[in-house]
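Analysis of the macromolecular model
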Amino acid sequence: MKIAIIGAGNMGGAIAIGIVKSKLVQACDIVVSNPSTEKLDALKNLYPNIQITTNNAVAASSADVVFLAVKPWKAEDVITEIKPSLDYSKQVIVSVIGGISCEQLDRLLLSDSGSLPQLYLIIPNTAITTGCGVTFISGKRTADVIKNNLLALFSTMGKAMYIDEALMPAATSLASCGIAYALQYIKVATEGGVQLGFSHEESLSVVMQTIQGALEVLRASGANPTDEIARVTTPGGLTLRGLQAMEESGFEQAVINGLCASTIIKN
Ligand SMILES: NC(=O)c1ccc[n+]([C@@H]2O[C@H](COP(=O)([O-])OP(=O)(O)OC[C@H]3O[C@@H](n4cnc5c(N)ncnc54)[C@H](OP(=O)(O)O)[C@@H]3O)[C@@H](O)[C@H]2O)c1
């Protein structure tokens, strides 16, 4: 399987690295295209067999699967540029572009002869480079073989799930934006540790280990967070006082408001 990745930014680069690490596709069968060369050169330095180019149409024409990994406002230009070199009877389009639906992509991808490709939407988060990512896959005119290949590929980079397109905005909020929200908790808790007397370095490492511990406890027990919170919350004790103070400051609503605010729905 030959893969083209259009856009070598955070996502395009992470996908290229993830695919090479998966060993399901050889580096020489991946071509990455980007207008500026700095990120392409960095990828080439990392994996010398990866092909790089500044010509999107050349990259797309030779691939079985074409990943679109550009910012949403670049989608129209990029699709217009590569469309004449695509053959929808043989090639599959995978869009990583956040917030652009299959229906919107179809409007851009429709060929002069009225044909449309197999189309997949993929929302990974940045942790795919560490093997701990979350990737949601959805699509239109899909084929089981490609769907399963994409699931297998992204499962090598963490958790991968096929979902209905209607859930994609929620998926983006929960896992892609969600990484920033989890990091925001770590940042704020670290600042709290500094206020309580730890150095920044000590506080960050304690908070990270505490988060790691919370995850391991949940995994080991198979329980839900409510049960595990109850295990450390003695009636009248310190944890209860802390949780109540957080709740009085609107912790729960702040998290839910943040998730809802980043759930974009466009048609
Ligand atoms: N970051 C995330 O966590 C995340 C998660 C899920 C989905 N996404 C989606 O992934 C997409 C890319 O996001 P990103 O974070 O990777 O952005 P990014 O780091 O800014 O990368 C975008 C890349 O596209 C390149 N580019 C610009 N114009 C192009 C063109 N005409 N042809 C080919 N490449 C072009 C840019 O190159 P130059 O820098 O040289 O201009 C840049 O390297 C977005 O649509 C975003 O919504 C991101």
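Below, the structure is looked at part by part. Residue positions are given per chain, counted from 1 along the sequence in the order it is written. A pLDDT threshold of at least 70 governs which residues receive local features in this predicted model, and a stricter bar of 80 or more applies before side-chain atom pairs are shown or counted, although totals over entire chains, interfaces and linings include all residues. Only hydrogens and water are set aside; all other atoms, that is, all heavy atoms of the structure, feed into the side-chain values.

This part takes up the overall build of the protein. When helices and strands are counted, the protein shows 11 helices and 8 strands. Counting only C-alpha atoms, the protein reaches 70 × 40 × 30 Å along its principal axes. Within the protein, contacts between residues at least 6 apart in sequence are counted, and of these 62% link residues at least 24 apart. The positive count covers Lys and Arg only, the negative count covers Asp and Glu only, and His and the chain ends enter neither. Charge positions are represented by NZ for Lys, CZ for Arg, CG for Asp and CD for Glu. The distance from the centre of the 19 positive side-chain charges to the centre of the 23 negative ones in the protein is 4 Å. Going along the chain from the N terminus, every DSSP run of H or I of four or more residues is numbered as a helix, and every run of E of two or more is numbered as a strand. Residues are treated as being in contact if the distance between any of their heavy atoms lies within 4.5 Å.

All right, on to the packing of aromatic side chains then. Aromatic contacts are taken between Phe, Tyr and Trp rings whose centres are within 6.5 Å, Trp giving its six-membered ring; a plane angle under 30 degrees counts as stacked, one over 60 as edge-to-face, and the others as tilted. Summed over all chains, the structure comprises 1 aromatic pair. A ring pair is formed by Phe67 and Phe154, whose centres lie 6.3 Å apart and whose planes are at 55°; its orientation type is tilted. Placement of the pair is Phe67 in strand 4 (residues 65-68) and Phe154 in helix 6 (residues 144-155), with a sequence separation of 87 residues. For a ring to carry a charge above it, either NZ of a lysine or CZ of an arginine must fall within 6 Å of the ring centroid while also lying within 35 degrees of the normal to the ring plane. Geometry around Tyr162 places Lys147 over its ring, the cationic atom sitting 4.4 Å from the centre.

This part is about helix 4 (residues 75-82). Every buried residue of helix 4 is accounted for by Ala75, Val78, Ile79 and Ile82. Axial view of helix 4: buried residues confined to an arc of 95°, hence all on one face. Exposed side chains of helix 4 directed beyond 90 degrees from the buried face belong to Glu76, Asp77 and Thr80. Of the surrounding elements, those touching the buried residues of helix 4 are strand 1 (3-6), helix 3 (56-61), strand 4 and helix 5 (102-109). The buried label applies to any residue whose accessible area, calculated with a 1.4 Å probe on protein chains only, is under 20% of its type's maximum; exposed applies above 50%, and partly exposed to all values in between. This arc corresponds to the set of directions leading from the helix axis out to the C-beta atoms.

One requirement defines pairing of two strands: DSSP has to find at least two bridges between them. Both strand 6 (residues 118-124) and strand 7 (residues 133-140) contribute to a ladder of 6 bridges, which runs antiparallel. Within the sheet, the bridge partner assigned to Leu121 lies in strand 7 and is Ser138. As paired elements, strand 7 and strand 8 (residues 158-162) share 5 bridges and run parallel to each other. Pairing of Val134 across the sheet is with Lys159, part of strand 8. Place the viewer so that the strands point away; then a crossover is right-handed whenever the path from the first strand over the helix to the second strand goes clockwise. Tracing the backbone out of strand 7, into helix 6 and back to the parallel element strand 8 gives a crossover that is right-handed.

Any residue with a non-hydrogen atom lying within 4 Å of a molecule or strand is treated as near it. Neighbouring the ligand are 23 residues; Met11, Asn34, Ser36, Lys39 and Val70 lie closest to it. Here Gly9 contributes a backbone N or O atom positioned 3.2 Å from an oxygen atom of the ligand. Between an oxygen atom of the ligand and a side-chain N or O atom of Ser36, the distance comes to 2.3 Å. The accessible surface values rely on the Shrake-Rupley method and a 1.4 Å probe; as for residues, cover is taken only from the protein chains in view. Here the ligand, which alone exposes 900 Å², has 78% of that area covered by the protein. Grid points spaced at 1 Å and placed over the protein atoms alone form the basis of the search, with a cavity being a set where a 1.4 Å probe fits but cannot get out and a pocket an open set showing protein on both sides within 12 Å along at least five of seven lines. Lining residues have an atom within 4 Å of a point. Pocket occupancy is defined atom-wise: a molecule lies in a cavity or pocket when more than half of its atoms are within 2 Å of its grid points. With respect to the detected pockets, the ligand is housed in the second largest pocket. Polar contacts, as counted here, are pairs of nitrogen or oxygen atoms within 3.5 Å of one another; within protein the pair requires one atom able to donate a hydrogen and one able to accept it, and residues that are adjacent in sequence qualify only if both atoms are side-chain atoms.

This brings us to a nonpolar patch on the surface. Each patch groups residues whose relative accessible area exceeds 30% and which form no salt bridge, using 9 Å between like charges and 5 Å between nonpolar side chains of Val, Leu, Ile, Met, Phe, Trp and Tyr. One speaks of a salt bridge when a side-chain nitrogen belonging to Lys or Arg is within 4 Å of a carboxyl oxygen belonging to Asp or Glu. On the surface, Tyr185, Ile229, Leu243, Met246, Phe251 and Val255 cluster together into a nonpolar patch covering about 500 Å² of accessible area. Those elements that place two or more of their residues in the nonpolar patch are helix 10 (238-248) and helix 11 (251-261). Tracing the backbone shows Leu243 in helix 10. Judged by relative accessible area, Leu243 falls into the partly exposed class, the value being 34%.

Now for the sheet that holds strand 2 (residues 30-33). With mixed pairing, the 8 strands of this open sheet are ordered in space as 3-2-1-4-5-6-7-8. The sheet terminates laterally at strand 3 (51-53) and strand 8, the two strands that pair on one side only. Along the sheet, successive strands turn relative to each other by an average axial angle of 20°, direction set aside. Pairing geometry for strand 1 and strand 2, over 4 bridges, is parallel. Pairing of Ile5 across the sheet is with Val32, part of strand 2. To get an axis, fit a line to the C-alpha atoms, keeping to the stretch in contact for a helix; angles then go from 0 to 180 degrees between the N-to-C directions.

Looking now at the side chain of Ser33. The residue Ser33 is located in strand 2 in this model. Engagement of the side chain of Ser33 in a polar contact is seen with the side chain of Asn56, the distance being 2.5 Å. With residues near it in sequence (within four places) discarded, Ser33 still touches Ile5, Ile6, Gly7, Ala8, Leu40, Thr53, Thr54, Asn55, Asn56 and Ala59.

The subject of this paragraph is the layout of surface pockets. Size it by volume and the second largest pocket reaches roughly 900 Å³. Lining the second largest pocket are 35 residues, and of these Met11, Ala69, Val70, Lys71 and Pro72 sit closest to its centre. The set of elements that each furnish at least two residues to the lining of the second largest pocket consists of helix 1 (10-22), helix 4, strand 6 and helix 7 (168-195). Within the lining of the second largest pocket, the residues separate by chemical class into 15 nonpolar, 14 polar and 6 charged. Grid points are joined across faces, edges and corners, and a volume is the space filled by probe spheres set on the points. Nonpolar residues are Ala, Val, Leu, Ile, Met, Phe, Trp, Tyr, Cys and Pro. Charged residues are Asp, Glu, Lys and Arg, and all others, Gly as well, are polar.

Moving on, we get to the packing of helix 7 against helix 11. Helix packing for two helices is described by the angle between their axes and how far apart those axes are. Closest axis-to-axis distance for the helix 7/helix 11 pair is 10 Å, and the angle between their directions is 140°. Handedness of the crossing formed by helix 7 with helix 11: right-handed. Touching Ser173, Leu174, Tyr181 and Tyr185 of helix 7 are Phe251, Gly258 and Leu259, all from helix 11. Note on convention: near helix rotated counterclockwise from far helix by under a right angle means a left-handed crossing. Clockwise means right-handed.

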